[in-house]
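Notes for the structure review
This is what each chain is made of:
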Amino acid sequence: MMAASSDSNVRTQPSPRMLPPRQHPRPGALQTSLSLVASDSRGPLEPLDPRSNSDNHHESPTESASSRETWPTADAVIAKKLDSDKAENDRTEHSVMRRASKPDKISLRDIARERVDFIAEKMSNVPDETLEDLKNGLRLILEGNGGSHHRDEFLTLQKFIQSRTDLTANNLMRAHRAQLEIIVSINTGIQGFLHPNISLSQKSLIEVFMYKRCRNIACFNTLPAEDCNCGVCTNRSGFCSLCMCVICNKFDFEVNTCRWIGCDLCSHWTHTDCAIRDGLICMGPTGKTGTGQAEMLFRCRACNATSELLGWVKDVFQHCAPVWDREALIRELDFVCRIFRSSQDSRGRKLFWKSEDIIEKLKGGVAESMACRVILMFFQELEMESPKNQEVGENGHPIAPQEACNRIAEVVQEAIRKMEMVADEKMRMLKKARLSLEACERELEDKAREVNELKQDRNRKKQQLDELDSLARLKQAEADMFQLKANDARRESERLQRIALAKSDKSEEDYASNYLKLRLSEAEAEKQYLLEMIKLQETSRAAAAAAHSSVNVGSSSDPSQAAMYSKIQDIIKNVYNASPSQRNESQSMRPNP
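Residues numbered from 1 in each chain as written. Predicted model: local features only at pLDDT ≥ 70, side-chain atom pairs only at ≥ 80, totals over all residues. Heavy atoms only, no water.

As recorded in an unreviewed UniProt entry, the chain goes by the name OBERON-like protein, listed as coming from Kalanchoe fedtschenkoi. Listed under Subcellular location (unreviewed entry) in UniProt, the entry text for the chain is "Nucleus". Under the UniProt heading Function (unreviewed entry), the entry covering the chain gives this text: "Probable transcription factor." (UniProt positions renumbered as here; feature names shortened; annotations may be inferred.)

Let us look at helix H14 (residues 346-364). The terminal C-alpha atoms of H14 lie 27 Å apart, and with 19 residues this matches the ideal 27 Å at 1.5 Å per residue to within 8%. Considered for burial, the residues of H14 that qualify are Arg347, Gly348, Leu351, Phe352, Ser355, Ile358, Ile359 and Leu362. Buried residues in H14, looked at end-on, bunch into an arc of 140°, giving them a common side. Facing away from the buried surface of H14 by more than 90 degrees, the exposed residues are Glu360 and Gly364. On its buried side, H14 packs onto strand E4 (294-299), helix H12 (309-320), helix H13 (326-339) and helix H15 (368-384). Gly365 sits one or two residues past H14 and shows a positive phi near 115°. (Helix = DSSP H or I, 4+ residues; strand = E, 2+ residues; numbered from the N terminus. Expected span 1.5 Å × (residues − 1). Buried < 20%, exposed > 50% of the residue type's maximum accessible area, 1.4 Å probe, protein only. Arc of directions from axis to C-beta. Contact = heavy atoms within 4.5 Å.)

Here we take up the nonpolar core. Core analysis: the largest hydrophobic core is formed by 98 residues, its most contacted members being Leu309, Phe317, Phe340 and Leu351. Counting residues per element, this core draws most heavily on H13, at 8 residues. (Core = buried A, V, L, I, M, F, W, Y, C linked by side-chain atoms within 4.5 Å.)

Time to look at the packing of H12 against H15. Taken N-terminus to C-terminus, the directions of H12 and H15 make an angle of 145°; their axes are 10 Å apart at the nearest point. Of the two elements, H12 crosses H15, and the hand of that crossing is left-handed. Here Leu310, Val313, Lys314, Phe317 and Gln318 of H12 lie close against H15, whose contacting residues are Ile375, Leu376, Phe379, Leu382 and Glu383. Of the residues in the contact of H12 with H15, the class split is 7 nonpolar, 1 polar and 2 charged. (Axes fitted to C-alpha atoms, helices over the stretch in contact; angles between N-to-C directions. Left-handed = near helix turned anticlockwise from the far one by under 90°. Nonpolar A, V, L, I, M, F, W, Y, C, P; charged D, E, K, R; others polar.)

See below:
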């Protein structure tokens, strides 16, 4: 599958005891790990392999993912890088695919068409970021998210690669590392070779390109298989008998499953869907029972040998079913239904009906452990109904009545023994269920007590909360009351302050008026005194003036008299024009009453 990539270059091997008997690999063979996550999705692109014998094969629209080549999903680093650089990669892709190559630019088409040494020299002179952009552009093409444009571009690139004759091992040894990774990815259609966490040697990459090593990085087996001379291994380049399907030439990481069918003779593997689609699973006679009765068989395309399927399915379920979860069990039972859908023998039909019934019960909620026990017991019952247990002798003639009765008695005893085993199992299950019920009842009682305690605690908390709420409301009311009193006191203080200011202003005005009146009266008295003094001086000097009138005719009046008048006028003016500061000063100098 081209749209997937591998997360690790380490190939791990699961324990062989987890595989059914016929799933054990040959000595030295590699097993794919169960820890690798298989993808069921399929990209829109498929690698071209003109030497594959499945070119004329058309896949069924209902084909399951078991016949598809899958890779583990890429790690979070690559996903984050592709998301963050999506716009840049789109621009890189267009520049790589649609622009003409410039002397300092390298495109994917240049790598697919030009000489190896020429491109290697150019790639050695470009920065690592440019090489990563080329790989990211090829990853986007291999993912196929661009629709027909990416598909056509991939087919064009692959046609260029596969039509060249100069891509030999010697020439590829001179290739640049990134150039070789891109060439191998285009040829195989697998983007795992572009993964930054996968570090393969240049020799290994060349062997993958030359179909000398398996392209499955988790397998990486040398090709062709040394111990197999079948036509599939010797004639198909790039086919690996350890991990690939004989029909579709694809691989995945599924083991311990009915999705793959192994051949008893050549140990090649085939997808169940591919075998059903190509008619390799059908009714046929088997020589194991000696009766020639027809049953469901698998015919291997590699060696043309047949293998019976009922025993194969039974081995798979006996070894692997106890570790399956619900989804895996439903999926495997669905494969059983596909295999035995066209069965005409009684045991195959019973297995088909039983599988459908268990699938419905699993979807209805039955535990997978119970379903697993039921299917395993059903396989035991089918083994008892094997044709070799029928009342027919080895030569095909009826057996003696006594021997038939003995065999019937043995069958009845075996049935009774199994019924007793089932009864014991039911009793154990009943005891276990009773113990579980008692434990559930005790747990329910404990939970009820816990609920009551929680309710009581809740009521106490609610009561405390109500008390705190009441106390808070009381304190708020007291605060409002004190605030109201404070507001009243502040208003009263402001009123008294205004009254005091008004009285202070009035007292100052009264004092100033009284002071002015006092000064005025003093000034009047002083004026009167001065006038009297002036008059007295005038009368005393009138005689002197008259005596000397003859001598001082035409002279001016007495200067002392004019000075006296001027002094009186200044005193009166000062009294009436006194400033407020002088008044306050005079008030402060006033003695207390």
